[in-house]
Structure formats: structure tokens, C-alpha cells
Amino acid sequence: MYDTVEQAKQDVMWGVRTMVEKGYALGTAGNISARVQDKEMFVITPSSRSYATLKKEDLCLLDMEGNIVEGKYKPSVEAVMHRYIFEMRPEVKAIVHSHSKYGTLVSSIKGVIKLPIIDVESISYLGGEVPVAPFAPAGSLELAENVKGTIGTSAGVLMENHGTIGVGISMENAMIASDNIERTSEQYLILLASGKEKKEIPESYIETVKKISLRNRNIEG
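Residues numbered from 1 in each chain as written. Predicted model: local features only at pLDDT ≥ 70, side-chain atom pairs only at ≥ 80, totals over all residues. Heavy atoms only, no water.

K.L.:
Now, about the packing of aromatic side chains: what can you tell me, with residues and values included?
P.N.:
Tallied over the full model, the rule gives 1 aromatic pair. Measuring from centroid to centroid gives 5.4 Å for phenylalanine 42 and phenylalanine 86, while their planes differ by 50°, and the two rings are tilted. Of the two residues, phenylalanine 42 is situated in strand β2 (residues 41-44) and phenylalanine 86 in helix α2 (residues 79-88); the sequence distance between them amounts to 44 residues. Each of the two residues, phenylalanine 42 as well as phenylalanine 86, counts as buried. Just above the ring of tyrosine 73 sits the side chain of arginine 49; from NZ or CZ to the centre is 4.0 Å. Lysine 148 extends its terminal NZ or CZ atom over the ring of tyrosine 84, reaching a point 4.9 Å from the ring centre. (Phe/Tyr/Trp six-rings, centres within 6.5 Å; stacked < 30°, edge-to-face > 60°. Helix = DSSP H or I, 4+ residues; strand = E, 2+ residues; numbered from the N terminus. Buried < 20%, exposed > 50% of the residue type's maximum accessible area, 1.4 Å probe, protein only. Lys NZ or Arg CZ within 6 Å of the ring centre and 35° of its normal.)

K.L.:
Describe the sheet that holds strand β4 (residues 68-70), and please don't skip the residues or the numbers.
P.N.:
Strands sit in the order β4-β3-β2-β1-β5-β9-β8-β7-β6 across an open sheet of 9 strands; the sheet is mixed. The open sheet is flanked by β4 and β6 (114-115), the only strands paired with a single partner. Relative to strand β9 (residues 163-168), strand β8 (residues 156-159) runs antiparallel, the two being bridged by 4 bridges. The residue bridging glycine 156 from the neighbouring strand is glycine 166, located in β9. The sheet contacts of helix α6 (residues 171-194) involve β1 (31-36), β5 (94-98), β6, β7 (130-133), β8 and β9, and relative to β9 the element is tilted by about 140°. (Pairing = 2+ DSSP bridges. Contact = heavy atoms within 4.5 Å. Axes fitted to C-alpha atoms, helices over the stretch in contact; angles between N-to-C directions.)

Here it is in C-alpha cells:
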């Protein structure tokens, strides 16, 4: 799918439109990127440009050293974070970082270091519990390193008091991961509000589905 820069740009624009439609982004919050297949490059959204009016020609093309190859605007301040994920996770072809409502709220609850497994979809689509990366200023090298050191093999990660990241072998899969993080976050918040304890899924089932999830996400288990 990602055989040209043009295709990567089209995928990022699909991600942008979808993120806006789902209400995961307001104004210029969040960022989206796509790896260019067979090239050491990736396309990413620019900094401080409204997603409601963003055009394909506004996107930025960077190499894996962080150099700007193409683009009339500055790339997202989180470009290093995206680059680190691409370098660490070669199977990842797309990254969606949003400030979605429920995921951001969960990341801001004191004492929560991971989004727990609520139902079977948490395991299938996300690979299980979603970790929370420690806080660091937006756009900082520290934040990029915190995310890199936290995400592991998960299909996503939460950033403390900041937002969420979904990754995938395609832009659609990265968005599905983001959807599941948001859905699971909403469920978790309702569970906390109820004051009840969640029922635990048998560990043997969790481990079996985790292995399937790894295969489906092109990760060697």
C-alpha cells in the first residue's frame, strides 16, 4: 500500500479527515504520519495548521534522520516521536496521535500507569493493556524517549496528561487502534464511576489472543 510518497500523503489525509470526523482533534491538536514503503522516509502533518482546512500539499516529508525532504511548513513538533516509533517498530506503517477526550482523561488520572483490559477487543486490537508514558513537555526529546521506552509491542500508548497514540500496519489499523483506546478508556471511566470491580478474563485466554494479536500486527512473538 505504501509504495510511493503520494500514497503515504493520501493515507495521512484520510487519517486527518477521519480524526476530525470522530472528534479526536480540535484545531491543530494531534499529529498523523505514514511511512513511505521501501524508502527511509515518512510523511507527517505540519505544525500549527488547522486540520479542518489542511491540504495534501501542506504535508511534510522527512527522512529517518529527521531532515526535511519536502514541505513548505514546519513539521509537527512531535516528528521525533514518530521517527522513534518507526525506527523501533519496523512493522508500523502509520501513527495517529490524538487528544481524544476519554483517552486523555485516563492518562491524567493519578496512579493510573496503564489502561487495563476491559473486554476481548482490548486484547485483539491493542495487544492487551495499554501503557501510560510518563509526562514530558509536548514536542520534547524527553517525551519522544518516554514514548519509545513505554510502547513495547502494544498497538498504542497513552501520554500522561496529553493524549493517545495508535499505531498499525496501515493507516486504517492505526485508526482502529485509536478507536479501541478511546472505547476502552470510556469503559474504564464508567467502571471507575460505578465503584465496582471488573470481572477478570482467564489468563490462558489472554495469552492465546495476545499471540494472535501479535501475528495480526506483524510482530514476531
